[in-house]
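Coordinate analysis (summary)
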Amino acid sequence: MIVFLIKRLANAVLVMLAVALLAFLIFRFAGDPVELMANEQMSQADRIELREKLGLNDSFLTQFGRFVGNAAQGDFGISYRNGQDVMKLIAERFPATMELALVATVLSLLIGIPLGVITAIHRGRWYSEGLQFISIIGVSLPSFVVGILLILVFAVTLGLVPAFGRGDVVQLGWWSTGLLTPSGRASLLLPSLALALYQITLVMRLVRAEMMEVLRSDFVKFARARGVPRWRIYFRHALRNCLMPVVTMTAMNFGSLIAFALITETVFQWPGMGMLFIQAVTFLDMPVMAGYLCIVSFIFVTLNTLVDIAYAVIDPRLRDATR
Amino acid sequence: MTEHLSSAVLDVRGLCVEFPGRHGTVQALSDVSLSIRPGEILGVVGESGAGKSMTGLAVQGLLEPPGRISGGEVWLGGRRIDQLDDKQMQQVRGRQIGAIFQDPLTSLNPLFTVGAQLVETIRLHLKLSKADAKARAIQLLKEVGIPAPEARYDHYPHQFSGGMRQRVVIALALAAEPKLIIADEPTTALDVSIQAQITSLLRRLCDDHGTAVMLVTHDMGVIAETADRVAVMYAGRLVEIGPVAEVLKNARHPYTRGLMGSIPALGRRVERLNQIDGSMPRLNAIPAGCAFNPRCPEAGPRCRKDRPEPAPVGTGVAACWLNAGGVL
Ligand SMILES: Nc1ncnc2c1ncn2[C@@H]1O[C@H](COP(=O)(O)OP(=O)(O)OP(=O)(O)O)[C@@H](O)[C@H]1O
Ligand code: SF4
Ligand SMILES: [Mg+2]
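Residues numbered from 1 in each chain as written. Chains lettered and ligands numbered in written order. Predicted model: local features only at pLDDT ≥ 70, side-chain atom pairs only at ≥ 80, totals over all residues. Heavy atoms only, no water.

**Some points on the site of ligand 1**
Residues and elements named next belong to chain B. Around ligand 1, the structure places Phe19, Glu47, Ser48, Gly49, Ala50, Gly51, Lys52, Ser53, Met54, Glu185, His218 and Leu283. Between ligand 1 and Lys52 there is a distance of 2.8 Å, counted from an oxygen atom to a side-chain nitrogen or oxygen. Burial of ligand 1 by the protein amounts to 64% of the accessible area it has alone, namely 650 Å². For the shell around ligand 1, the element with the most residues is helix H1 (residues 52-60), which contributes 3 residues. Per-class residue counts for the shell around ligand 1 are 4 nonpolar, 5 polar and 3 charged. (Near = heavy atom within 4 Å. Polar contact = N/O pair within 3.5 Å; in protein donor to acceptor, adjacent residues only side chain to side chain. Areas by Shrake-Rupley, 256 points an atom, 1.4 Å probe, with all protein chains shown as cover. Helix = DSSP H or I, 4+ residues; strand = E, 2+ residues; numbered from the N terminus. Nonpolar A, V, L, I, M, F, W, Y, C, P; charged D, E, K, R; others polar.)

So, in structure tokens, the structure goes:
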């Protein structure tokens, strides 16, 4: 287990270095930072001095080393646009995106798993087939369309929940949460549902496929022959054997949820990292883009590593294979 | 027709199973009757597809829909069980009928310890506290010959060898002291060197507990060594049933004789039982009259016209015109 842990961590560090290199290349070669930061009144001498101050005259490796060293400490420099610390900018927006993605994930599991189980054990009934059909539509609808439809129905027509923004937030240290106020929770509902819809259909279809597979297995038949009640077989014996792929997919897709949140955030005017990134792109604000890339990749890689470790914890067979 | 009616643990009478399908209904079992007394092992043999497993599944109420019992009765310990609903059958399965499957590698849930699976079965059927159930589980592991049962209790299935896993499966089958165990080819998937250990374990446990066993197998050697009586099936029908020694020495049905011909000498093992010329008909193409007639060396005109009913012959029962007035 220890060897396995070390291997996985080394792997994760390597991937992060590769991402850092990419971010650095964008940072370094997509336009001259000095030109981007400078304004017309700046003299040539000022420009050279700024170039020196930013360390742009050092060798490539030195610069990359410095970039990685700084990034590891959460220092991505300052925004070209407003001169603020990039990390601070991202940290301000981070909780909004995180809450959105987390709530979407929870929704996708809470809704997707039972639907998957039901459609698997009642396959052939009209409601199972209906859900299957709807899920195909769910997979193919672009998320901004879903978002706009949700706004139209629940916010504009029915007026049940706010159409945009985060509502009131409460500050817990540096983390701002919308979960503690009624307006915050109400505001979360539509965007997280819009973001979750695709994921719900994925979870449902995966659970359904896995369940049908597992229900055919010998140990399920043997459990029936031992007199284990049906529901206990479904939810204890069979579902547990389906959870590995679900956990994997959920964790792997969390990264894409954060990436997709970009669209949802734009539709719902959600003040998260995605909106920050969009603004950065329009202003060619390289440090912010590089910082966003690194942070999102870091979340990706961390989750992947945790998934592998979780695997080893859930499945005793893997646990022994890696001992 | 069925012997020892009153004292039988299992009494199957004229059991019919059918599978309605797109191309008509398939008769998977047709008029199967057999009974097993306490402490008795009934061997069930026949070629692949003869309906051996189907008989066991029908008794346990585990037919896969749309398969259903379309006729006959199943009595267990004096109670009719073929009409019970699934909820009621849950209390029969495991409690009164233990099951042993063919492949011990896949019979156990890989994600639960053997202890957890034993305790689950025990507590489903017996009113025991967690601690008592655990003690009983360890006792069961010991009884089926698993070394260091206290330590093994917390192990997962993959940590056991095939033979040891089958012992765990047997412990699970015994967990609630059932009256009947249905063992469907319990040794087929095992190493030859281990097969004998498992069958003799089964024999011993069944003697100790007075458990009746329905032992489905392809192996006439196993039948000869462990079974008290043997039932021979062909194309979803029971063709002969009788005491093992009698059937081995003096089979009444030509199909049984064909099967016996495939044992070179008593006690030697034979892998498969298909030494008779030709193959068993598909269930939707069973010939009129005696299902065996196209392959039977002794068939006569009557065999192609009328179906022979199982009838007492000597100490057993056989379904063949040779024993019921001739084939002409
Ligand atoms: N769902 C089904 N629909 C129609 N026929 C079926 C179905 N399931 C099984 N059968 C038929 O029932 C018959 C009996 O099968 P069974 O499994 O009892 O055979 P068996 O004697 O146990 O053979 P084996 O030695 O191969 O295990 C087979 O001929 C099979 O084709
Ligand atoms: S009834 Fe006729 S065909 Fe059938 S086994 Fe007997 S002799 Fe052969
Ligand atoms: Mg079988």
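**Overview of the layout of surface pockets**
By volume, the largest pocket amounts to about 1,200 Å³. The wall of the largest pocket is formed by 43 residues, among which Arg224 of chain A together with Leu62, Leu63, Glu64 and Pro65 of chain B lie closest to the centre. Counting only elements with at least two residues in the lining of the largest pocket, the list comes to helix H8 (182-215), helix H9 (218-225) and helix H10 (230-268) of chain A together with H1, strand E4 (68-76), helix H2 (86-92) and strand E7 (180-184) of chain B. With 7 residues, the single largest contributor to the lining of the largest pocket is H1 of chain B. In this structure, the second largest pocket spans a volume of roughly 430 Å³. Taken together, 19 residues make up the lining of the second largest pocket; nearest its centre are Phe27, Leu54, Asn70, Phe76 and Gly77 of chain A. Sorting the residues of the lining of the second largest pocket by element identifies helix H1 (2-29), helix H2 (33-37) and helix H4 (60-72) of chain A as the ones contributing at least two each. Among the elements that take part in the lining of the second largest pocket, H4 of chain A stands out by supplying 4 residues, more than any other. By residue class, the composition of the lining of the second largest pocket is 11 nonpolar, 4 polar and 4 charged. (1 Å grid on protein atoms, 1.4 Å probe; cavity = no way out; pocket = protein on both sides within 12 Å on 5 of 7 lines; lining within 4 Å. Points joined across faces, edges and corners; volume = space filled by probe spheres on them.)

**So, the packing of aromatic side chains**
Enumeration according to the criterion identifies 14 aromatic pairs over all chains in this entry. Aromatic side chains Trp231 of chain A and Tyr234 of chain A sit 5.4 Å apart centroid to centroid with 80 degrees between the ring planes, which places their arrangement in the edge-to-face category. Pair noted here: Trp231 of chain A and Tyr234 of chain A are both in helix H10, with a separation of 3 residues, about one helical turn. Residue classification places Tyr234 of chain A among the buried residues on the basis of a relative accessible area of 12%. On the basis of an interplanar angle of 80 degrees and a centroid distance of 5.1 Å, the ring pair of Tyr234 of chain B and Phe292 of chain B is categorised as edge-to-face. Linking Tyr234 of chain B in strand E9 (residues 229-234) with Phe292 of chain B in the loop between helix H11 (254-261) and helix H12 (301-305), this pair joins segments that are 58 residues apart in sequence. Taking relative accessible area as the criterion, Phe292 of chain B reaches 3% and is therefore assigned buried. One aromatic cluster is present, formed by Phe24, Phe60, Phe64 and Phe67 of chain A through successive ring pairs. Positioned above the aromatic ring of Phe112 of chain B, the side-chain terminus of Arg240 of chain A is 4.8 Å from the ring centre. A cation over a ring is seen here: Arg152 of chain B above Phe160 of chain B, with NZ or CZ 4.1 Å from the ring centre. (Phe/Tyr/Trp six-rings, centres within 6.5 Å; stacked < 30°, edge-to-face > 60°. Buried < 20%, exposed > 50% of the residue type's maximum accessible area, 1.4 Å probe, protein only. Lys NZ or Arg CZ within 6 Å of the ring centre and 35° of its normal.)

**A closer look at H11 of chain B**
The complete set of buried residues in H11 of chain B reads Pro254, Tyr255, Thr256, Leu259 and Met260 of chain B. If you follow the buried residues of H11 of chain B, they end up packed against strand E3 (41-45), helix H9 (220-226), E9, strand E10 (237-243) and helix H10 (244-249) of chain B. (Contact = heavy atoms within 4.5 Å.)

**Here we look at the interface of chain B and chain A**
The partner chain A presents 22 residues to the 29 residues of chain B that form the contact. With both chains or domains summed, chain B and chain A bury close to 2,400 Å², and 56% of this area falls on carbon and sulfur atoms. Together, Leu111, Phe112 and Glu120 of chain B form the three largest contributors to the area buried by chain B at its contact with chain A, with a combined 26%. A salt bridge links Arg236 of chain A to Glu120 of chain B; its shortest N-O distance comes to 3.9 Å. Joining chain B to chain A, the criterion identifies 14 residue pairs in polar contact (both at pLDDT 80 or more). Elements with a minimum of two residues in the side of chain B that touches chain A: H2, strand E6 (97-100), helix H3 (104-107), helix H4 (114-125) and helix H7 (162-174) of chain B. Among the residues forming the side of chain B that touches chain A, the class breakdown is 13 nonpolar, 11 polar and 5 charged. (Buried area = accessible area lost by both parts, 1.4 Å probe. Salt bridge = Lys/Arg side-chain N within 4 Å of Asp/Glu carboxyl O.)

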